[in-house]
Amino acid sequence: MKALLIGEYRQGKLLDSTFELFGFAAQLGGETAFLLVGDETRLPACDGPLYLAEAAECGEYNPDLHKQLILQAVARENPDFIVFVHSSYGWDLAPRVAARLKAAQVSEVIGLTDGGFEVGCCNAKMRRTVKPSTARAVLTIQAGAFPARQPNGTPRIQRLAATGNGGLEFVGYEPAEAKDVDLTRAEVIVSAGRGVGKKENVPVIAALARALGGELGASRPVVDAGWIEHSHQVGTTGQTVSPRLYVACGISGAIQHLAGMKKSDFIVAINKDKDAPIGEIADVLVVADVMQFVPALTARLQR
Amino acid sequence: MKILVCIKQVPDMESRFKANSQGVWFEETDLAFRMNEYDEYAVEQAVQLKEQLGDAPEVTVLSIGPDRVVEAIKKALAMGCDRGVHVQDPAAATRDPWQIASIIASHAGDKGYDLILTGMQSQDRGSAQVGVTVAEELGYACATTLVGFAFSDGTVTAKRELEGGIKGVVRLRTPALVTCQLGLNVPRYPTLPNIMKAKKKEIQTIAVAELLKEEPLATTVSFHPPARKGGGIVLEGDVGVLVDQLLGILKDKTAVLR
Ligand SMILES: Cc1cc2nc3c(=O)[nH]c(=O)nc-3n(C[C@H](O)[C@H](O)[C@H](O)COP(=O)(O)OP(=O)(O)OC[C@H]3O[C@@H](n4cnc5c(N)ncnc54)[C@H](O)[C@@H]3O)c2cc1C
Ligand SMILES: Nc1ncnc2c1ncn2[C@@H]1O[C@H](COP(=O)(O)O)[C@@H](O)[C@H]1O
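About the criteria used
- All residue numbers here refer to positions counted from 1 along the written sequence of the relevant chain.
- Note on labels: chains are lettered from A, ligands numbered from 1, in written order.
- Restriction of local features to residues with pLDDT of at least 70 applies here, the model being predicted, together with a cutoff of 80 or more for giving and counting side-chain atom pairs; totals for whole chains, interfaces and linings are based on all residues.
- Hydrogens and water molecules were not included; the side-chain quantities draw on all heavy atoms of the structure.
- With a 1.4 Å probe rolled over the protein chains alone, any residue whose accessible area is under 20% of its type maximum counts as buried; one over 50% counts as exposed, and the rest are partly exposed.
- The helix and strand labels rest on DSSP assignments: H or I over at least four residues marks a helix, E over at least two residues marks a strand, and numbering proceeds from the N terminus.
- Pairing between strands is defined by DSSP: at least two bridges between them are needed.
- Axis lines are fitted through C-alpha atoms, for helices just across the contact stretch, and the angle between N-to-C directions can take any value from 0 to 180 degrees.
- Orientation labels follow simple angle bins: below 35 degrees gives roughly parallel, above 145 gives roughly antiparallel, 65 to 115 gives roughly perpendicular, and whatever is left gives oblique.
- Each crossing gets its handedness from the near helix: less than a right angle anticlockwise from the far helix is left-handed, clockwise is right-handed.
- Note on contacts: a residue pair is in contact if any heavy atoms of the two residues lie within 4.5 Å.
- Summary of the distance rule: residues count as near a molecule or strand when at least one heavy atom falls within 4 Å of that molecule or strand.
- Whenever a nitrogen or oxygen atom comes within 3.5 Å of another N or O atom, the pair is scored as a polar contact, on the condition that within protein one atom can donate a hydrogen and the other can accept it, and that pairs from neighbouring residues in sequence are kept only if both atoms are in side chains.
- Only the protein chains shown count as cover for residues, with accessible areas throughout obtained via the Shrake-Rupley method and a probe of 1.4 Å.
- Gly falls in the polar group here, along with every residue not listed as nonpolar (Ala, Val, Leu, Ile, Met, Phe, Trp, Tyr, Cys, Pro) or charged (Asp, Glu, Lys, Arg).
- Here, a salt bridge means any Lys or Arg side-chain nitrogen found within 4 Å of an Asp or Glu carboxyl oxygen.
- As annotated, the domain borders come from an automatic or database domain assignment.
- Here the quantity called buried area is the total loss of accessible area, with a 1.4 Å probe, experienced by two parts when brought into contact, counted for both.

Visitor: Which parts of the structure should I look at to understand the pairing of strand β10 (residues 137-141) of chain A?
Guide: A regular strand places its side chains on the two faces of the sheet in alternate fashion. Residue and element names in this part refer to chain A. For β10, the tally of buried residues reaches five of five residues, placing the bulk of the element in the interior. Here β10 shows two buried faces, one formed by A137, L139 and I141 and the other by V138 and T140. Pairing analysis gives five bridges linking strand β6 (residues 81-85) to β10, with the strands arranged parallel. Bridged to F84 within β10 is T140. Relative to β10, strand β7 (residues 104-113) is paired through four bridges, and the arrangement is parallel. Each residue of the ladder has a partner; that of V106, found in β10, is L139.

Visitor: Can you help me understand the packing of helix α8 (residues 290-302) of chain A against helix α6 (residues 239-253) of chain B in this one?
Guide: Helix packing for two helices is described by the angle between their axes and how far apart those axes are. Interaxial distance between α8(A) and α6(B) falls to 9 Å at its minimum, and their mutual angle equals 55°. Between α8(A) and α6(B), the crossing angle belongs to the class labelled oblique. Viewed along their axes, α8(A) and α6(B) form a crossing whose handedness is right-handed. Of the residues in α6(B), those in contact with A:Q292, A:F293, A:A296, A:L297, A:R300 and A:L301 of α8(A) are B:V239, B:L242, B:V243, B:D244, B:L246 and B:L247.

Visitor: Explain the site of ligand 1 to me, please; I cannot follow it from the model alone.
Guide: Around ligand 1, the surrounding shell holds 28 residues, and the nearest of these are A:S219, A:T237, A:S252, A:Q256 and A:N271. Around ligand 1, the neighbouring residues derive from chains A and B rather than from a single chain. In the environment of ligand 1, an oxygen atom lies 2.8 Å from a nitrogen or oxygen atom belonging to the backbone of A:R194. Taking A:H257, its side chain carries an N or O atom lying 2.8 Å from an oxygen atom of ligand 1. Contact with the protein chains covers 92% of the free accessible surface of ligand 1, which is 980 Å². Elements with a contribution of two residues or more to the shell around ligand 1: α6 (220-224) and α7 (255-261) of chain A. In terms of residue class, the shell around ligand 1 is made up of eight nonpolar, 14 polar and six charged.

Visitor: Mind showing me how you'd approach the pattern of salt bridges here?
Guide: Side chains that differ in sign of charge can pair as their charged atoms come close. One pass over the structure, following the stated rule, counts 38 salt bridges over all chains. Of the charged contacts, one joins A:R100 and B:E137 as a salt bridge, the two residues approaching to 3.7 Å between their closest N and O atoms. Taken as a pair, A:R100 in helix α4 (residues 90-101) and B:E137 in helix α4 (residues 130-138) lie in two separate chains rather than in one. In this structure A:R100 comes out as partly exposed when scored by relative accessible area, which is 41%. One salt bridge in this structure joins B:E14 and A:K272, with 3.7 Å as the shortest N-O distance. Of this pair, B:E14 sits in the loop between β2 (9-11) and β3 (33-35) while A:K272 sits in the loop between β16 (266-271) and β17 (284-287), each in a different chain. Across the pair, exposure class does not vary: B:E14 and A:K272 are exposed alike. Each member of the salt-bridge network shares a partner with another, and the members are A:D64, A:K67, A:R100, B:E136 and B:E137.

Visitor: Honestly, the sheet that holds strand β9 (residues 126-132) of chain A in this entry has me stumped. Any pointers?
Guide: Taken together, ten strands build an open sheet; the order of strands is β11(A)-β5(A)-β4(A)-β1(A)-β6(A)-β10(A)-β7(A)-β8(A)-β9(A)-β12(B) and the sheet is mixed. Edge strands, defined here as strands with exactly one partner in the open sheet, are β11 (155-159) of chain A together with β12 (218-224) of chain B. Here the strands of the sheet are splayed against their neighbours by 35° on average, with no regard to which way each runs. Looking at chain direction, strand β1 (residues 2-6) of chain A and β6(A) are connected through three bridges and run parallel. Residue pairing in the sheet places A:L5 in a bridge with A:V83 of β6(A). Helix-sheet contacts for helix α3 (residues 63-77) of chain A involve β1, β4 (31-38), β5 (48-54), β6 and β11 of chain A, and the interaxial angle to β4(A) is about 155°.

Visitor: Hey, could you run me through the site of ligand 2 in this one?
Guide: All names here are of chain B. Every one of the 18 residues lining ligand 2 counts as a neighbour, but C6, D39, S122, S127 and A128 are closest to it. In the model, an oxygen atom of ligand 2 is placed 2.9 Å from a nitrogen or oxygen of the G119 main chain. Of all elements in the fold, only β4 (58-65) and β6 (115-119) reach the threshold of two or more residues within the shell around ligand 2. In terms of residue count, β4 provides more of the shell around ligand 2 than any other element does, three residues in total. Per-class residue counts for the shell around ligand 2 are seven nonpolar, nine polar and two charged.

Visitor: Please explain the domain arrangement of chain A as it appears in this structure.
Guide: Accessible area lost upon the coming together of the parts serves often as the stated size of an interface. All names here are of chain A. Taken as a whole, chain A is organised into domain 1 (2-159) and domain 2 (183-301). Computed from C-alpha coordinates alone, the two centres of domain 1 and domain 2 are separated by 33 Å. Tallying the contact residues gives seven residues for domain 1 and five residues for domain 2. Across the interface of domain 1 and domain 2, roughly 490 Å² is buried in total on both sides, 47% from carbon and sulfur atoms. Considering only the surface of domain 1 that becomes buried against domain 2, A124, K125 and Q142 emerge as the three largest contributors, covering 58% of it. Across the contact surface, domain 1 and domain 2 share two salt bridges. Here domain 1 and domain 2 share one residue pair in polar contact (both at pLDDT 80 or more) between them. When grouped by side-chain class, the residues that make up the side of domain 1 that touches domain 2 number two nonpolar, two polar and three charged.

Visitor: Where do I start with unusual backbone geometry in this structure?
Guide: In most cases, non-glycine residues show a negative phi, while peptide bonds are predominantly trans. Looking along the chain, the bond that leaves B:T174 and enters B:P175 is cis, with omega of 5°. With respect to the helices, strands and loops of the structure, B:P175 is situated in the loop between β9 (167-173) and β10 (176-180). A positive phi is found at A:E108, a non-glycine position, where the angle reads about 55°. Relative to the helices and strands, A:E108 resides in strand β7. Overall, A:E108 belongs to the buried group, its relative accessible area being 16%. You will see that B:D153, though not glycine, has its phi angle at about 50°, which is positive. Tracing the backbone shows B:D153 in the loop between β7 (141-152) and β8 (155-161). B:D153 sits in the exposed class, given a relative accessible area of 76%.

In C-alpha cells:
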C-alpha cells in the first residue's frame with residue numbers, strides 16, 4: 001500500500017498541520033511519498049520520494065496548477081491513497097484531483113475502521129463509515145484527528161514543474177483582524193453561541209462572565225450576526241484559548257469551535273440538546289435552556 | 001447573464017438522529033427539513049448580484065431530492081430567485097457526492113450558466129465536494145469558502161477564509177463556480193408579498209434518470225452515533241437543583257470559585 005501525502009505551505013512556511021499527514025500515514029501503514037508546493041529550505045525529513053515544486057513559480061494558492069502537479073506525481077508513484085488535510089487548501093484541491101482521477105473521495109476522515117474510514121456527519125452529531133469502491137481513493141483528514149509526527153529520514157527530491165492558472169488569479173492575503181481582547185490570558189471564559197437566541201440575550205451571558213471574573217467569548221455565527229465583536233471569537237478563525245474554566249452557552253461543539261477551546265482545563269456546556277457534540281468534550285453538560293439556567297446561576301454567584 | 005444556485009434540503013441539526021433500517025443513513029420520519037445553512041448564503045449572494053445588475057440576470061435554483069425539497073426551492077424563490085428546477089430523486093440520500101455533482105453538471109452542461117453558487121458543504125453529509133466537483137466537470141474556474149464576493153465586468157473578486165482568520169483574495173474569470181460560507185452575507189427572510197409572488201414562479205421537474213449517468217464511487221456502510229468517550233457528567237432536571245449541583249462540582253474540581 002502506498003500513500004501520497006500533500007503538504008501545505010502558506011506565507012513562506014510549511015504548515016504544522018502537514019505533520020498530521022505523517023501521523024495518519026503511520027496508522028494507515030505502507031509506503032509514503034510526499035508532495036509540496038513550497039521551497040527547498042523547508043522540507044520534512046521523510047523517507048521516500050519527495051516531489052517539490054517551487055511556490056515562487058507555482059503560487060501558494062493556484063489550485064488548477066497544483067492539481068496538475070499532483071497528477072504528475074500520481075502517474076509516477078501510482079499511490080493507493082492521496083491524502084490532504086481537510087483545510088482551506090485540502091478541501092479546495094482534493095475534489096479537483098479526485099474528479100480528474102475519477103477516484104472516490106472520503107472527506108474529513110477522523111479514524112480508520114477495517115477497510116473503511118470514519119467520518120463525522122449531521123454537524124458532528126453522528127458518524128458514518130465509508131468505503132471507497134475505486135482502487136485509488138482521495139482522502140482529507142480532519143485537522144487534529146491524528147497525532148502530528150515528525151518523520152526522521154532522508155527524502156529523495158524530485159522536481160516538478162507546470163504552468164497555467166485555470167482562470168483563477170491569486171491577488172494576495174489579508175491579515176487577520178487585530179484582537180482588542182486577549183482571551184488567551186483569561187482564567188475563565190464564558191462563551192455565547194447561537195443557542196442564546198438573539199442579541200438582546202448576550203448581556204445575560206456577559207453577566208455570568210463578570211460574576212465568574214472572566215471574559216466573554218463567542219462562537220462564529222454570533223460574531224457573524226453582529227451580536228458580539230470578532231475579537232471575542234473562539235475557534236480556528238478566532239482565538240485559541242486554554243482557560244481554567246470554559247463555559248459554553250448554547251454552543252453545539254463544531255470542530256472549528258472545539259479546535260479553539262478543547263485545551264481548557266475544565267469545560268462546562270449548557271445546552272438544551274443532550275446529544276450536542278459539545279457533550280463529548282465537556283466535563284459537565286448541563287441539559288437546560290440557557291436563558292433559564294444562566295440567570296439563575298449568575299444570581300446564585302452574586303449572592 | 002445566467003446564474004445557477006444549488007441547494008440541498010437537510011434536517012434541522014438540533015434533531016435526534018436514528019439510523020434507518022439499512023443502518024447507512026438517518027431515519028427521516030419525525031425530522032423537520034430546511035434549506036442547508038450554507039446554501040442560504042449562496043441564494044442570498046445570487047439575489048444580491050441580480051439586484052446589483054439591475055435585475056438583468058436570471059437566477060435558477062436547483063435541488064435534487066424527493067418531493068419535500070420543493071419547499072426549499074420555494075423558499076429560494078421567495079428570497080428572489082426566478083425559477084426552480086427540481087431533480088426528482090427519492091433515492092437522493094443514497095447517492096455519493098460524485099453522483100450528485102454529475103447530476104448537476106449534466107443539467108448545467110448545455111445551459112451556459114455564467115456563475116454557479118453552491119454551499120461550502122451540506123450540514124448532514126458534509127463532504128464539501130459537490131461544488132468543486134461540478135466546477136471540475138464543467139471546466140469552470142472555482143474558489144471555495146467565500147466570505148467576500150464582488151462582481152464586475154465578468155470577473156468575480158472573491159475573499160476566501162483561511163485558517164487563523166487570514167483571508168486569501170482571488171479573481172475568477174466567468175464562467176465560474178463559488179462555494180459560500182457563513183460570514184459572506186446575511187440571508188434575507190422572505191416577506192409575505194414575495195412568498196405570494198413566488199407561488200407564480202415556475203418550478204420545472206426533471207426525473208433523475210434523465211440526468212444521472214454515473215455509478216457511485218464510495219459507499220456508506222454504517223451510520224451510527226459517536227462512541228462516547230465518557231467521563232463527562234450530564235446534569236438534567238430542575239434549574240434550581242442544577243445550579244446547586246454545578247456550583248458543587250466547580251468548587252470541587254476547579255480553583256475558580258473561592
Ligand atoms: C472554515 C470555517 C471556519 C470556522 N471557524 C469557526 C470559529 O473560529 N469559531 C466557531 O465557533 N465556529 C467556526 N466555524 C463555524 C462552525 O462550523 C459552526 O458553524 C459554529 O461553531 C456553530 O456555532 P454555534 O455552536 O454557536 O451554533 P449552532 O451549531 O447552531 O449550535 C447552537 C446550539 O445551541 C443549542 N441551543 C439552541 N437553543 C438553546 C437554548 N434555548 N438553550 C440551550 N441551548 C440551546 C442547540 O442545541 C445547539 O447545540 C467555522 C466554520 C468553517 C467552515
Ligand atoms: N441534493 C442536492 N441538491 C442540490 N445541491 C446539492 C445537493 N447536495 C449537495 N448540494 C450542493 O453542494 C454543496 C456541498 O455539498 P456536500 O458536498 O454534500 O458537502 C451544498 O452546499 C449544495 O450547494
